[in-house]
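Here's the letter readout for the chains.
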Amino acid sequence: MICPRNGPRSRAPCSGRVSRRRGCRTDGWPLSGFTGADRPGRSNKIIRIVALLQAAVARHRFGRPAAVAVALYLTAAAVAAGYDGGRWFALVATASLWPWDDGARLLPAAIGVLNAWALWQILRGPALPRAGALPRDVVWLRRLLYTDVAGDLLLWELLDEVSGVAEYVARWAVWAATMFLLVRALAGVSARFRVIALGLGLTGVLAAALRPFSEIPLTASFLVAMAALGCKVMIIAGQRRDRRFSAVTVGIGWTALLVPQVYSLLQIGRVAFDGLSLAVHALDGLLVVWAARTAHELAAPGQGVPAPGTGRTPRLIAAAFVLALPAAVVGAEEDARLTYTVADEGCRDRLRPATALGPEERRRSFLCLARNETFAANAMFPERLADQRVLAHGAQLCALPGDRERNALHERAGGTADAIELTAALEYLCPGIVARQTADAHRRQAERDLQEARWKAEANARCDDPWPGTRARRQGTAAYMLPEGGGYAVFDDRDDSAGDPGDIYGDGDEVADIFDAVEDGFVDVVGSSAAIVTRGDAAMCLTVKAFDRAPPLRLTGWDQVVEVGIASRSGRLVVPTYPEGGDGGAARPLPDLAVAGPGHYRLRIYARTLPWDENDPEAPLEEHLLVVHPGRSTDKVVHRPRD
């Protein structure tokens, strides 16, 4: 008597031939005192789910360890969901950083379920019973597929921590051998199909092998990427014809391959970190599931007939590794890992003077500075450059004569660093560059000083004392270089009680202002500073004379003469010297005019226009004479107004 599923209650025994899946024991009696119709619907469903899970675990070679791993993962996610308000749940469930939102738990939960399913698909192994003896090509293909799966899950990351070059070579070598054997193992495809797929795949592999030796143009890089993508598309299309592979495996392959590619094309020029990008990133991980299921199903008995093996598989795999081996010499162009030192910020603290290091240690130190951030918060060299390229570029910079040329070449190469940082780094690559640069700077400065001294001497030689027969207590004559707009100042350079008394272009009311002097027509005096107007901004001649008492008033030959009162709080009244005075100043130092120390003085200003000398176009066209003597009056006296 069979075990009833529906109908009236019955406690009749079951037939011994009825399986446990139908709710009966092997001795013919039901598993419980009631039939399925007697138990609540929820309990019945739970029992069926548990039975299905048990059957799934028993159907695969590593079903039990895989089930334990999935259970641990789900347990960790459940614990994280209840810890700290669930803020760790997204990280555990999605295995990626995610800006937590208390109201957005559904997407991380869905991705967590997807990851648990993927973990089961990868770890469960092939279905039982397994096929008999497999061809050597298929055996090696399964080994490579499992190696690729392990690499994507963990191995490549660990290898990258040791050497980015080794990780790059290993990844491409495994893919090259896997691609070759997988195309050969496909059943139900034509020879032309295999040739095209291999041609597209080898194009991508050869481009990866040659990339360390030459930069591939952007268009060529795009075509190579399309060739590699086309090879994968043909492999998945070939799996659809091979009856060893299930429709689920083929569907996973299409989803993992095409969805991220389409999304990337739609996101060109934009950087997004939203729910959709996280979901697409999760789907991208299905490529690992596809590889694992492909390896599993190759070991299952099926109706497909694999391509005949040649017995040369180990040699072909070795050839694939040799093909990618040249990349290990210098590394990938996009590889930013350090060849000589670890990429850490702490290497700066371990730097020693270049003179105490050998050639290899100097290169390490140079790369430490070149790879770390500068004061501008950017790496000194572009991160896409390999270390050998950075060293070669540094050697080119060392060969240039000066910092200006080095900075120009460095900027053209996309680097960012000021002259001091760049020179400090190059000191390790080419010792002595700082000393040479310092010597060159001193030499250039000496040349500039000599040229300036000659220029000042020539300018001063064009100016003479207009009162040569009247000797003052202090006097001097010099060419005065006027700033743009003209005008100059006489002030107490140690009086800081009212701002900067020498800044005649300031906007304060505490010091003399050139604009007020223009409004006055000649001079403006405030406290210990005076601003004086000139008729142009070319170099003029200026003579200063300081007396103990007022000298005679001489008006002959002068266009304008004005006398004002000025004070000196510190006991100094000076005219600025060029270039210490900024844009304007005297071509040689002129004496302090406060001969009586702190106190009040009278400032008499003489001005006139000089005739143009056709034999000397550089000759001054204006001349001023400043006469200073003690006096308490603050009145302004115009002895001769401007015509």
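Quantities reported herein were computed from a predicted structural model and do not represent experimental measurements.

### Looking at the nonpolar core
Part 1 of the reasoning: Among the nonpolar cores identified, the biggest contains 39 residues, and Leu141, Met179, Ile235 and Trp290 are the most heavily contacted of them.
Part 2 of the reasoning: Of all the secondary-structure elements, those providing two or more residues to this core are helix H4 (106–123), helix H5 (136–162), helix H6 (164–185), helix H7 (191–210), helix H8 (218–241), helix H9 (247–266) and helix H11 (286–298).
Part 3 of the reasoning: In contact with Trp290, not counting residues within four places along its chain, are Leu182, Ile235, Ile236, Gln239, Thr249, Ile252 and Gly253.
Part 4 of the reasoning: The next biggest cluster of nonpolar side chains, apart from the first, holds 29 residues, and it includes Leu482, Val490, Leu573 and Ala594.

### Notes on empty space enclosed by the protein
Part 1 of the reasoning: Taken as a whole and assessed by the stated rule, the structure comprises three cavities of 30 Å³ or more.
Part 2 of the reasoning: Its boundaries defined by the atoms lining it, the largest cavity holds a volume of some 50 Å³.
Part 3 of the reasoning: Lining the largest cavity, in full, are Phe522, Val533, Arg535, Asp559, Gln560, Ala607, Arg608, Thr609, Glu622, His624 and Arg642.
Part 4 of the reasoning: The set of elements that each furnish at least two residues to the lining of the largest cavity consists of strand S8 (599–609) and strand S9 (622–630).

### Points about the pairing of strand S3 (residues 523–526)
Part 1 of the reasoning: Taken together, the four bridges between S3 and strand S4 (residues 529–532) define a ladder with antiparallel strand orientation. When the sheet's bridge partners are listed, Val525 is paired in S4 with Ala530.
Part 2 of the reasoning: Hairpin connection between S3 and S4: a loop of two residues separates the two successive antiparallel strands, and Gly527 in this loop has a positive phi of roughly 60°.

### Some thoughts on the packing of aromatic side chains
Part 1 of the reasoning: Taken as a whole and assessed by the stated rule, the structure comprises five aromatic pairs.
Part 2 of the reasoning: Geometrically, the ring pair formed by Trp455 and Tyr578 is edge-to-face, given 5.7 Å between the ring centres and 70° between the ring planes. Residue Trp455 is found in helix H18 (residues 433–461), and its partner Tyr578 is found in the loop between strand S6 (560–568) and strand S7 (585–586); the two are separated by 123 residues along the sequence.
Part 3 of the reasoning: Given the relative accessible area of 37%, Trp455 is considered partly exposed.

### Describing the pairing of S8
Part 1 of the reasoning: Here S6 runs beside S8; their pairing, made up of nine bridges, is antiparallel. For Val564, the partnering residue across the bridge sits in S8 and is Leu603.
Part 2 of the reasoning: Examined bridge by bridge, S8 and S9 share nine bridges and lie antiparallel to one another. When the bridges of S9 are listed, Arg608 appears paired with Glu623.

### Regarding the side chain of Ser568
Part 1 of the reasoning: Structurally, the position occupied by Ser568 is in strand S6.
Part 2 of the reasoning: Polar contacts involving the side chain of Ser568 include one to the main-chain amide nitrogen of Gly571, which spans 3.0 Å.
Part 3 of the reasoning: Every residue in contact with Ser568, bar those within four places of it in the chain, is listed here: Asp492, Leu573, Ala594, Gly597, Pro598, Gly599 and Tyr601.

What counts and what doesn't
Numbers given for residues are sequential positions, taken from 1 along each chain in its written order. Owing to the predicted nature of the model, reporting of local features is limited to residues with pLDDT of at least 70; listing and counting of side-chain atom pairs is limited to 80 or more, with chain, interface and lining totals taken over all residues. The basis for every side-chain value is the complete set of non-hydrogen atoms in the structure, without hydrogens or water. In this description, a nonpolar core means a group of buried Ala, Val, Leu, Ile, Met, Phe, Trp, Tyr and Cys residues linked to one another through side-chain atoms lying within 4.5 Å. Accessible area is worked out with a 1.4 Å probe on protein chains only. A residue is then buried under 20% of its type maximum, exposed over 50%, and partly exposed in between. Numbered from the N terminus, helices here are DSSP runs of H or I no shorter than four residues, and strands are runs of E no shorter than two. Residues are treated as being in contact if the distance between any of their heavy atoms lies within 4.5 Å. Buriedness of a pocket was judged along seven lines, with at least five required to meet protein on both sides within 12 Å; pockets are open sets of points on a 1 Å grid over the protein atoms alone, cavities are sets where a 1.4 Å probe fits but cannot get out, and lining residues have an atom within 4 Å of a point. Grid points are joined across faces, edges and corners, and a volume is the space filled by probe spheres set on the points. Think of it this way: DSSP has to see at least two bridges between two strands before they count as a pair. In summary, the pairing rule links any two rings of Phe, Tyr or Trp, Trp by its six-membered ring, whose centres are within 6.5 Å, and it sorts them by plane angle into stacked for under 30 degrees, edge-to-face for over 60 and tilted for everything else. In the analysis that follows, any N or O atom pair within 3.5 Å is treated as a polar contact, provided that within protein one partner can donate a hydrogen and the other can accept it, and provided that, for residues neighboring in sequence, both atoms belong to side chains.

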